[in-house]
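Per-entry structural report
So you can see what is in the structure, the chains are spelled out below.
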Amino acid sequence: MTWRCGIAVFPGTWSERDCAHWVELAGGEPVMLWHAERELKGADLVILPGGFAHGDYLRTGAIARFAPLMAAVREHALAGGPVLGICNGFQILCEAQLLPGALLRNSCLQFRCQTTHLRVEATRGPFLSGLESGRILTMPISHGEGRYYAPPEQLLELEAHGQVALRYCGPSGELGDEYNPNGSLQHIAGVMNREGNVLGMMPHPERACEPLLGSEDGLHLLRAALALVGAS
Amino acid sequence: MTAGMATPSPAQLRELALTEEEYHHAVRQLGRVPNQLELGMLGALWSEHCSYKTSRRLLSQLSSKGPQVVVGPGENAGVVDLGEGLLCCFKIESHNHPSAIEPVQGAATGVGGILRDVFAMGARPVALLDALRFGDLTDAAQRHRFAKVVEGVGHYGNCIGVPTVGGETYFDAAYQGNCLVNAMCVGLVTAPRLLHAVARGVGNPVLLVGADTGRDGIHGATFASVQLDEGAEERRPAVQVGNPFLEKCLMEACLELAGSSALVGLQDCGAAGLTSSCAEMARRGGVGIRLDLDQVARRELGMTPYEVMLSESQERMVLVVERGRVEEVRAVFDRWELRSDVVGEVISPEELQICSGGEMVARLPLQILVEGFLPRRPRSARPEGVARDLSAPPLAAEVPWTLEEAWLRLLASPNCADTSWIYRQYDHQVGDDTVVLPGRDAAVVRLRGRPDGLALTVDGAHRSSLLDPRRGAQLAVAEAVRNLACLGARPLALTNCLNFGDPDREEVMWQLEEAVAGLADACRQLALPVVSGNVSLYNDLSGASIPPTPVVGVVGQVDDVQRLPGPGFAAPGDHIYLVGGEGAGLGGSELQRLLGEAVLGPPPELDLELERRASEAVRQLVSERVARSAHDCSLGGLAVALAECCVEGSLGAVVRLAEAPTPSDGGFDLLFGEGSGRYLLSVEPSGGVRTEEVCSHLGVPCVRVGEVGGDSVEIVGLAQIPLAAAAEARLKGIAGAMAGPVL
């Protein structure tokens, strides 16, 4: 049996079709979830894709978090269901307080679309449990507001509870400002909730799903999650 | 109906971009005096921007014939057949005037406009490209303009989720006063979903959907049809403000409807707003449209019919819908939280009738409105004097640099350098289909579920055009074909954007005539149909015109996206071949520009027949995977192309040229001359025989000039630079210049 991956579609979402392609390559069944509806259509796993939901007016993710669909996503997340927020989806999860912290304007004050290297920091939760710690993944980013921020005490807590999932790094895993494309604190590219079932990340795994696109590393995240959903 | 006005003053007419002669021409045709609203509508549709009254007779030279052509010029965008029922729809358009005044919004709405042209045909946009021109980056104001235009292009494309996959940007003091912002959009549609911008069926309702109508952009079309002047800043209200989020929703809703039989026709509301979109749709269908302006949703109170009809508020579309099926169409827009209103209906008299407050306030026959303009034939004359002396030596003074210095300076010129400063601000990957990213000769977007893909490029050659506009236009087409060949792509069709100065200047009119003739000629010889285009005239500031700048966008097809060559040299020991034309030339070259010399001397020679054969040879060698890399020699000549292949592949090279430099020139011409039709190919040593065989079969010169390897780029006996220095120079070109303060 194939596992259903719900893909949220807000007005202004643009990577829902890319996500569907990625889900299919990983062996899942994509199902689109319209923002105005309150149901997950039997999805085992929910993806909040990239884009500019509601134009990102007011603040990224600030309007989307009030969507009826988000009530269902919250329920799913609180019940331990896997939720992955990519780019705008990460911003929405932070606004919805399903993840800690916030994403601010890139420190260079420009949009950035480029390939990045990511170091896997946490190997728990549905998306990263199949990977070894310190593994380097290659994926593109594409955002104007991806600078991860959390107050100092919250950052300490994140580190202490192993919630920092991914960090921007150099090709061999080294950390440094030159590898940090947006000025994120502690080079953070992705964080998870304390339970590990909700992951948010700025890079786009759905754009790294075929050798022709430059990397297949994005498939690892989804395959790990699907294997886990399959086992439960 | 409001009575006709007394003869308007010259100042009033100027505001409408009408001449007195045109006014009297209108009165004669109508048999009465038009009222103010009618005059405003006539002024907008008779403007150069909408009517092409100056360029139309020239454009008829361009052939749109070809077995692959489905829709030629005259619709929102051109369409070619990709086989298996898939169509490619594309067009390039300028947004020069608005971008000069409000660079972020001007550029953004330029992108918004070209996207609407493509999804109006029912096609999903899959790629954007831009062609940009600015003054020198040593000037803070130009850095500001450049940075803001890039921000604007990026803002719209990034937000709407269409990748910007390629483009070209040049900096030249000649664009100090007028920047150029041309945007091209490419979309895909299956044959049954192809839409047309046509009104049909008397009694069918006309809908206006998307944004509310505001006072923004009034007179945008007329504003684009006059010169900018020092007071142009005050025209900022004529620049529209874009809302890419709204357009994203509008695009999704229109694409959802594209397959529906409820939809008769779809047209975007661009220049001259409702007036133009309704007039053109009705004219194409041989019907009329009656609009009730009271039904038009307004953004502001107190708007007059004149303002409603001429508003260029962005993100609006006009639909003609089958009678009785309005509700199912509106349901789609409702779902996307978009406004949709029935604002009129199709009528049988071929007129545009405008009602407001229960009265008819304007009534114009479409024949007069759309085609009644006076064709203009401004005088043209080849410029006199030494200013464009083609026999002058390209360099007046001795070059104060060594060959190595010149080489590194060229690599660091923003015109030759690495362009990642630009395209990393553009989302170039959304859609998961961009398989060759920006920065290469051409971008490649794959076609889902098929082995093949689209290769896309935009090109122009303004400095050669300044010397010889006919040759310049031909060079632009030839370069586009070369860029596609480097990716192994067959060119399918061309779109063009003709950026020129004020055609009432004899020299400019001559440039336009020559450029169109050159374009027609090159397209004929290279078998490229011209399926869409746009003309932007009056690119002047305080009496100084831009160089003639025909920009061409070409769509090509690659057979197998899994078998594309890499960006640079592939492996040490590979042999390097120089394929194609011979000879160089520094007339109009980048070296000439860097030296601050006047644009003088003969432009590069061009043999279109050889171009055709050379591109065929390269295409064949790339498709057969004999060529492991291919790159054409353009700006900065052979030496810059060689260094680019080295830097991209992180490998050095040693090249020996058979020709010896002339004593007077010392090698500058040989290294940096921009002779046309040349490619650098790298092949495995075992592929040499096949390379020579393919070239000799097609009658294309082909010389083995060197070998890949080492950590420097060397042209034996002339110059040698470390690979690292070449890479650094290329990287710092634009990024280094932009490190300076803006404004």
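Residues numbered from 1 in each chain as written. Chains lettered and ligands numbered in written order. Predicted model: local features only at pLDDT ≥ 70, side-chain atom pairs only at ≥ 80, totals over all residues.

Another point: the overall build of chain A. Along the backbone of chain A there are six helices and 11 strands. Taking 17 Å as the expected radius of gyration for a compact globule of 232 residues, we find that chain A reaches 16 Å, a close match to that expectation. With respect to the three principal axes, the spread of C-alpha positions in chain A is 45 × 35 × 35 Å. Counting across all 232 residues of chain A, residues that qualify as buried make up 59%. Across chain A, the fraction of contacts at a sequence separation of at least 24, relative to all contacts at a separation of at least 6, is 76%. (Helix = DSSP H or I, 4+ residues; strand = E, 2+ residues; numbered from the N terminus. Rg over C-alpha atoms; globule rule 2.2 N^0.38 Å. Buried ≥ 20, exposed ≤ 12 C-beta atoms within 10 Å, placed from the backbone. Contact = placed C-beta atoms within 7 Å.)

Moving on, we get to the environment of Ile114 of chain B. All names here are of chain B. Topologically, Ile114 is positioned in helix α7 (residues 103-119). Counting along the chain gives 154 residues from Ile114 to Asp268, while the straight-line C-alpha distance between them is 9.7 Å. Those residues in contact with Ile114 that sit more than four places away from it in its chain are Lys91, Glu93, Ala183, Met184 and Cys185.

Attention now moves to the confidence of the model for chain B. On average, chain B scores 93 in pLDDT, and the residues at 70 or more come to 96%. Prediction confidence for the complex, expressed as pTM and ipTM, is 0.96 and 0.96 respectively. (pLDDT = per-residue confidence, 0-100.)

This next bit is on the nonpolar core. Judged by nonpolar contacts, the single largest core of 325 residues is most densely connected at Val444, Val477 and Val618 of chain B. If we ignore the near neighbours within four places in the chain, the residues touching Val444 of chain B are Val435, Val436, Gly453, Leu454, Ala455, Leu487, Val558, Val561 and Leu564 of chain B. (Core = buried A, V, L, I, M, F, W, Y, C linked by C-beta atoms within 7 Å.)

Another aspect to go through is the interface of chain B and chain A. The interface of chain B with chain A comprises 21 residues on the first partner and 21 residues on the second. For the side of chain B that touches chain A, the secondary-structure elements that each account for two or more residues are α8 (140-160) and α10 (244-257) of chain B.

Residues and elements named next belong to chain B. If you walk across this open sheet you meet the six strands as β14-β15-β16-β21-β17-β18, and the pairing is mixed. If you trace the sheet from one side to the other, it starts and ends with β14 (434-436) and β18 (530-536), each paired once. Adjacent strand axes in the sheet meet at a mean angle of 25° when their direction is disregarded. (Pairing = 2+ DSSP bridges. Axes fitted to C-alpha atoms, helices over the stretch in contact; angles between N-to-C directions.)

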